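Residues per chain, in single letters:
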Amino acid sequence: MFTDERTPSRVGRNTRYVSVFGSDSAPGTEAAPWRSLARVQDALGSGDLRRGDAVLLKRGDTFFGTLHQPSIQGTSGVFTVSAYGAGPRPKVAGYKVSRRAWIRHTTGVWKLDITARSGQYSGNTGAPSTNVGFLKVAGLIRGWKRISLDALAYQWDFYSDETFVYVRSNFDPGDGVAIAVQQDGIRPASHSILDGIHIEGHGAHGIATGGSENIRIRNCRLEDLGGSRLSSDGTRYGNGIEVWIGASNIIMEDNTIRECYDVAFTMQGTATKDAKSWTDIHFGNNRVENCNQTFEMWSAGDATPGSGHIRCTFKDNLCINAGYSWAASIRPDTAGKGTHILTYDTELPMDVEVTRNQFIGARDSYINISGDRTDPKGLNLHHNVIKLGPGKKTDYQNAETIEQAAPWQARTGKERGSTFGVLTTGRCEGQS
């Protein structure tokens, strides 16, 4: 049974505090906090932190690195990661931040050694990955990852190998270039709460739950994510929150997700003997802005009893400007991917209700039944508000535009009780 505690209790609980002004040799009290996520990771591995315990990160602080929770020791209670103090949410940032250590590789191309602890950068110094997802320069994401050094053509084009990131630049890039590498921000273990954390600058996913159970993710902000290379063919990836097959009782509520390379929320995976379903997965009252897709589902494997999406919901979410992320113009697979709801190759049964949401603005369409283009039975879409720009498709695989939503409803039987509107332009203006 999952026990939700809105405010971490100090009674009978081992609560550890973490501040950038602390010390990893300190006891981890509020008066003498730890300093790093690595110290938290060590305590989880050793069993010093267990189920029923809490880690509180200092608000206003930025912690470089990642928090990949193992199977937490203990038999009862939940493990909580939250915040303390005053100010904005504490950040878990994945960036390697350049020092003035760039070397001229050839005319107009500079390189920086981004192997772990090379001394050439600050920030996330312990991350082993050199698979770069994007650069952030003076607050702007630069996402043109090229497949070879020879392909570097324009200012801030980049390429990375096992040692270096190479950047096309008319000048020495200098210090302060934020480099996002292949790494998930947080992987919460079963029986845990993640509350009030800001996750940014990771080249893979913001949060990946794996096949875990009994997790609540709430009041978090995830942004500027993804773009690292997934496979040798150049495919890139990166989601806000990924729920892999085998997960159960996962609740995601009151979060903001924006500027992902790929999708804000996804339930995906291939069934195995030990992991064949998503059971009681719920997305509610979240805000999604400027991700390439809002909500994605795919499944593969043999459809056996108890497999597939079971009692899953996507309710009361505000979803804005699908297809207008930082990666919108640089993806190799742009066709039809600027959509709010994306499904493809759903081989397993589906029981997913999508209702009371607002889907406002999209580059391509409201929904895209992609892959084998088989309309998944059990995807129940109703009583939503859908507003798209003139001429945008309601369903990417069909001809009807948003202006023809009524005949599309009548023909397909989808979106009973839903309302449709036409925006002045393709995107919702005035949103961040």
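What counts as what
- Residues numbered from 1 in each chain as written.
- Predicted model: local features only at pLDDT ≥ 70, side-chain atom pairs only at ≥ 80, totals over all residues.
- Heavy atoms only, no water.
- Helix = DSSP H or I, 4+ residues; strand = E, 2+ residues; numbered from the N terminus.
- Buried < 20%, exposed > 50% of the residue type's maximum accessible area, 1.4 Å probe, protein only.
- Contact = heavy atoms within 4.5 Å.
- Areas by Shrake-Rupley, 256 points an atom, 1.4 Å probe, with all protein chains shown as cover.
- Lys, Arg positive; Asp, Glu negative; His and termini not counted.
- Charge placed at Lys NZ, Arg CZ, Asp CG, Glu CD.
- Polar contact = N/O pair within 3.5 Å; in protein donor to acceptor, adjacent residues only side chain to side chain.
- Phe/Tyr/Trp six-rings, centres within 6.5 Å; stacked < 30°, edge-to-face > 60°.
- Lys NZ or Arg CZ within 6 Å of the ring centre and 35° of its normal.
- Pairing = 2+ DSSP bridges.
- Axes fitted to C-alpha atoms, helices over the stretch in contact; angles between N-to-C directions.
- Salt bridge = Lys/Arg side-chain N within 4 Å of Asp/Glu carboxyl O.
- Core = buried A, V, L, I, M, F, W, Y, C linked by side-chain atoms within 4.5 Å.
- UniProt positions renumbered as here; feature names shortened; annotations may be inferred.

- Per an unreviewed UniProt entry, the recorded name for the chain is Right handed beta helix domain-containing protein, and the organism is Pseudarthrobacter polychromogenes.

A word on the overall build of the chain
Item 1. In terms of regular secondary structure, the chain is built from two helices and 40 strands.
Item 2. Taking all 432 residues of the chain together, 58% fall into the buried category.
Item 3. A separation threshold of at least 6 residues defines the contact pool for the chain, and within that pool the share at least 24 residues apart is 73%.
Item 4. Accessible surface, the chain as shown: approximately 17,000 Å² in total, 48% of it carbon and sulfur.
Item 5. Between the mean site of the 48 positive side-chain charges and the mean site of the 46 negative ones, the chain shows a separation of 3 Å.

Considering the side chain of Arg331
Item 1. Within the fold, Arg331 resides in the loop between β32 (318-322) and β33 (339-346).
Item 2. A polar atom in the side chain of Arg331 sits 3.0 Å from the backbone oxygen of Tyr261.
Item 3. Discounting residues that sit within four places of it in the chain, Arg331 has contacts with Tyr261, Asp262, Asn292, Gln293 and Lys337.

Some words on the packing of aromatic side chains
Item 1. Under the counting rule described, the total for this entry stands at 17 aromatic pairs.
Item 2. Centre to centre, the rings of Trp156 and Phe171 are 6.0 Å apart; their planes meet at 80°, and the pair counts as edge-to-face. Taken together, the residues Trp156 in the loop between β12 (140-142) and β13 (158-160) and Phe171 in the loop between β14 (164-168) and β15 (178-181) connect sequence positions 15 residues apart.
Item 3. For Trp156, a relative accessible area of 8% corresponds to the buried category.
Item 4. Owing to a relative accessible area of 43%, Phe171 belongs among the partly exposed residues under this scheme.
Item 5. Their ring planes at 50° and their centres at 5.8 Å tell us that Phe283 and Phe314 sit as a pair that is tilted. With Phe283 in strand β28 (residues 277-284) and Phe314 in strand β31 (residues 308-315), this pair connects stretches of sequence that are 31 residues apart. We note that Phe283, like Phe314, is buried.
Item 6. Taken together, the aromatic side chains of Phe265, Phe283, Phe295, Phe314, Phe359 and Tyr366 make up a single cluster linked through ring pairs.
Item 7. We note Lys393 situated over the ring of Tyr396; from NZ or CZ to the ring centre the distance is 5.3 Å.

Describing the sheet that holds strand β21 (residues 221-225)
Item 1. Here ten strands make up an open sheet; going across it, the order is β3-β6-β18-β21-β26-β29-β32-β35-β38-β40 and the pairing parallel. Edge positions in the open sheet fall to β3 (62-64) and β40 (419-422), since each of these has one partner strand only. Across this sheet, the average inter-strand angle for adjacent strands is 10°, counted without regard to direction.
Item 2. Across four bridges, β32 lies against strand β35 (residues 358-362) in parallel orientation. Residue pairing in the sheet places Cys319 in a bridge with Phe359 of β35.

Examining the pattern of salt bridges
Item 1. Applying the stated criterion to the full structure yields 21 salt bridges.
Item 2. With a shortest N-O distance of 3.0 Å, Arg218 and Asp195 are connected by a salt bridge. Taken together, the residues span a long stretch of sequence, with Arg218 in strand β20 (residues 213-218) and Asp195 in strand β17 (residues 192-195) at a distance of 23 residues.
Item 3. Asp195 sits in the buried class, given a relative accessible area of 11%.
Item 4. Where Lys337 meets Asp333, a salt bridge forms, and the shortest distance between an N and an O atom there is 3.1 Å.
Item 5. Taking relative accessible area as the criterion, Lys337 reaches 18% and is therefore assigned buried.
Item 6. For Asp333, a relative accessible area of 32% puts it in the partly exposed group.

What about the nonpolar core?
Item 1. Judged by nonpolar contacts, the single largest core of 66 residues is most densely connected at Phe265, Met267 and Ile281.
Item 2. Once residues within four sequence positions are removed from consideration, Ile281 is found in contact with Val243, Ala247, Ser248, Asn249, Ile250, Met252, Met267, Arg311, Cys312 and Thr313.
Item 3. With 17 residues, the next largest nonpolar core counts Trp102, Trp110, Val132 and Phe158 among its residues.

Considerations on the pairing of strand β26 (residues 256-260)
Item 1. The buried count for β26 comes to five of five residues, which makes it a mostly enclosed element.
Item 2. Bridge analysis of β21 against β26 gives four bridges, and the strand direction is parallel. Across the sheet, Arg221 pairs through a bridge with Thr256, a residue of β26.
Item 3. For β26 and strand β29 (residues 287-289), the ladder comprises three bridges, and the chain directions are parallel. Considered in β29, the bridge of Ile257 is made with Val288.

Here's the deal with the UniProt feature "domain: Right handed beta helix" (unreviewed entry) in the chain
Item 1. Here, the residues flagged by UniProt with the feature "domain: Right handed beta helix" (unreviewed entry) are residues 186-343.
Item 2. Spanning residues 186-343, this segment combines 0% helix with 56% strand, and its end C-alpha atoms are found 25 Å apart.

Regarding the side chain of Ser129
Item 1. Looking at where Ser129 falls in the secondary structure, it is placed in the loop between β10 (121-123) and β11 (132-137).
Item 2. Classification of Ser129 by relative accessible area gives buried; the value is 14%.
Item 3. Polar contacts involving the side chain of Ser129 include one to the main-chain amide nitrogen of Asn131, which spans 3.1 Å.
Item 4. Polar side-chain contacts of Ser129 include one of 3.4 Å to the backbone nitrogen of Gln182.
Item 5. Non-local contacts of Ser129, meaning those with residues more than four positions away in its chain, are made with Lys96, Ile114, Val181 and Gln182.

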